[in-house]
There are 2 protein chains.
Amino acid sequence: MGNLMDVIAAPRKESASCPVDFILRMLMGPWTTYILYNLKTHGPQRFGELKRRVSGVSAKMLTERLRTLEGAGLVRRDYEATIPPKVTYSLTSRGHELDDVLGRLAEVGMRWETEDAALRSLRATELKAAE
Amino acid sequence: MGNLMDVIAAPRKESASCPVDFILRMLMGPWTTYILYNLKTHGPQRFGELKRRVSGVSAKMLTERLRTLEGAGLVRRDYEATIPPKVTYSLTSRGHELDDVLGRLAEVGMRWETEDAALRSLRATELKAAE
DNA sequence: GTCATTAGGTACCAATTCGTAACTCATGGG
DNA sequence: CCCATGAGTTACGAATTGGTACCTAATGAC
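Residues numbered from 1 in each chain as written. Chains lettered and ligands numbered in written order. Predicted model: local features only at pLDDT ≥ 70, side-chain atom pairs only at ≥ 80, totals over all residues. Heavy atoms only, no water.

1. What to know about the protein's contact with DNA strand C
Here is the rule we go by: Note on terminology: near, applied to a residue and a molecule or strand, indicates that one of the residue's heavy atoms is within 4 Å of it. The term polar contact refers here to a pair of N or O atoms within 3.5 Å; inside protein, the definition further demands a hydrogen-donor-capable atom paired with an acceptor-capable atom, and it admits residues adjacent in sequence only when both atoms are side-chain atoms. Only DSSP runs of H or I covering at least 4 residues are called helices, and only runs of E covering at least 2 are called strands; the numbering of each starts at the N terminus.
Neighbouring DNA strand C are 17 residues, the closest being Arg46, Arg77, Pro84 and Tyr89 of chain A together with Lys60 of chain B. The contact atoms of DNA strand C, taken as those within 4 Å of the protein, divide so that sugar and phosphate hold 70%. Here a phosphate oxygen of DNA strand C and a backbone polar atom of Gly48 of chain A are 3.0 Å apart. The separation between a phosphate oxygen of DNA strand C and a polar side-chain atom of Tyr89 of chain A is 2.7 Å. Going through the elements one at a time, α3 (47-53), α4 (59-71) and β3 (86-91) of chain A together with α4 (59-71) of chain B are the ones with two or more residues in the surface near DNA strand C.

Written as structure tokens, this is what we have:
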């Protein structure tokens, strides 16, 4: 009975063979989650708009990330050769397939955060009580 | 109605405030998924054992990753000060909380992989037919 | 005629990352 | 006496990363 996790076992060089590693590498490019999040919540939008929303990202970085996401089929790029040019980015259906997983990941992350915060405040009160 | 994904919107410098980003950054440290996978499937094990299993990782890297995972509470480190020393690593319950999400991520990644493979072979046959 | 506009491309530069090789501890085995 | 052992640590060095500043195209507005 091969477990789904079995697929993670591929420790080769460059680790090109593990789809989990591949997806994580994709998602973890700097700014990537912010880009995906903005495309998801604000819908299709132009390069400059996106750049303004993902505050702090450089044009170079944003371009590189979008190209990568496009290459992976998560994002669509619509180019209108007007002057000045108009380029609109949007999530593909494949891009939307991550909504669920990312939502769960957010859930776990938030649970840990509140747990840790609770622990910290508990420790703080203990310390005060011990004085 | 704040969506769970809302939590992703935190584009500040260093982005310390987004739990999804935090978790992804954690998981995406190099080798991390391989380490977690091995601890999950082969159970608690010693440093050298793990290093042999995660083939290609350097001691330095493995140490650094394990320390980070320990700091995040995903991995437990049991140190026996014998000579030579014996250090055993294992997943904490928090570490196991990722099983589900990672499984789903693997599912998505594998689906994409097979879809892409099907597309490629389709294209190949089309090209042959066009000759 | 010159300036601003959009979506980048390019060159350069500093900082970070990760691998390699050498070193460590105290002990048992040859 | 010397070496191997386990779990690292340290120093060094090459490669990658990501930021900044500057360049581009063709047009309309001033």
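2. Things to note about helix α2 (residues 32-42) of chain A
Residue and element names in this part refer to chain A. Which entries qualify depends on this criterion: Exposed residues in this analysis have more than 50% of their type's maximum accessible area, buried residues have under 20%, and partly exposed residues fall in between, with area computed by a 1.4 Å probe over protein chains only.
The buried count for α2 comes to eight of eleven residues, which makes it a mostly enclosed element. Among all positions of α2, only Thr32, Thr33, Tyr34, Ile35, Leu36, Tyr37, Asn38 and Leu39 are buried. The first or second residue beyond α2 is Gly43, which carries a positive phi of 75°.

3. With respect to the packing of helix α1 (residues 19-28) of chain A against α2 of chain A
Residue and element names in this part refer to chain A. Quick reminder of the rule: Lines are fitted to the C-alpha atoms to define the axes, a helix being fitted only along its stretch in contact, and any angle between axes, read from their N-to-C directions, falls within 0 to 180 degrees. In this scheme, roughly parallel covers angles under 35 degrees and roughly antiparallel covers those over 145, while 65 to 115 is roughly perpendicular and the rest are oblique. By definition, residues are in contact when any of their heavy atoms lie within 4.5 Å. When residues are sorted by character, Ala, Val, Leu, Ile, Met, Phe, Trp, Tyr, Cys and Pro go into the nonpolar class, Asp, Glu, Lys and Arg into the charged class, and all the rest, Gly among them, into the polar class.
As a packed pair, α1 and α2 sit with axes 6 Å apart at the nearest point and diverge in direction by 80°. It follows that α1 is roughly perpendicular to α2 by the angle criterion. Along its contact with α1, which presents Met26, Leu27 and Met28, the element α2 presents Thr32, Thr33 and Leu36. Tallied by class, residues from the contact of α1 with α2 come to four nonpolar, two polar and no charged.

4. Regarding the sheet that holds strand β2 (residues 75-80) of chain A
Residue and element names in this part refer to chain A. Filter applied, for reference: DSSP-based pairing: two strands are paired if at least 2 bridges between them are found.
The three strands are arranged β1-β3-β2 in an open sheet whose pairing can be described as antiparallel. The open sheet has two free edges, formed respectively by β1 (45-46) and β2, since each of these has just one partner strand. Where α2 meets the sheet, it contacts β1, β2 and β3, and its direction lies at approximately 90° from that of β3.

5. Section: the pairing of β3 of chain A
Residues and elements named next belong to chain A. Buried residues dominate β3, accounting for five of its six residues. Two strands pair when backbone bridges link them, and β1 and β3 are joined in this way by two bridges, in the antiparallel orientation. In the strand pairing of β3, Arg46 is matched with Thr88. As defined by bridge partners, β2 adjoins β3 across six bridges and the pair is classed as antiparallel. Its bridge partner being in β3, Arg76 is matched across the sheet by Ser90. Connecting β2 to the antiparallel partner β3 that follows it, the hairpin turn spans five residues.

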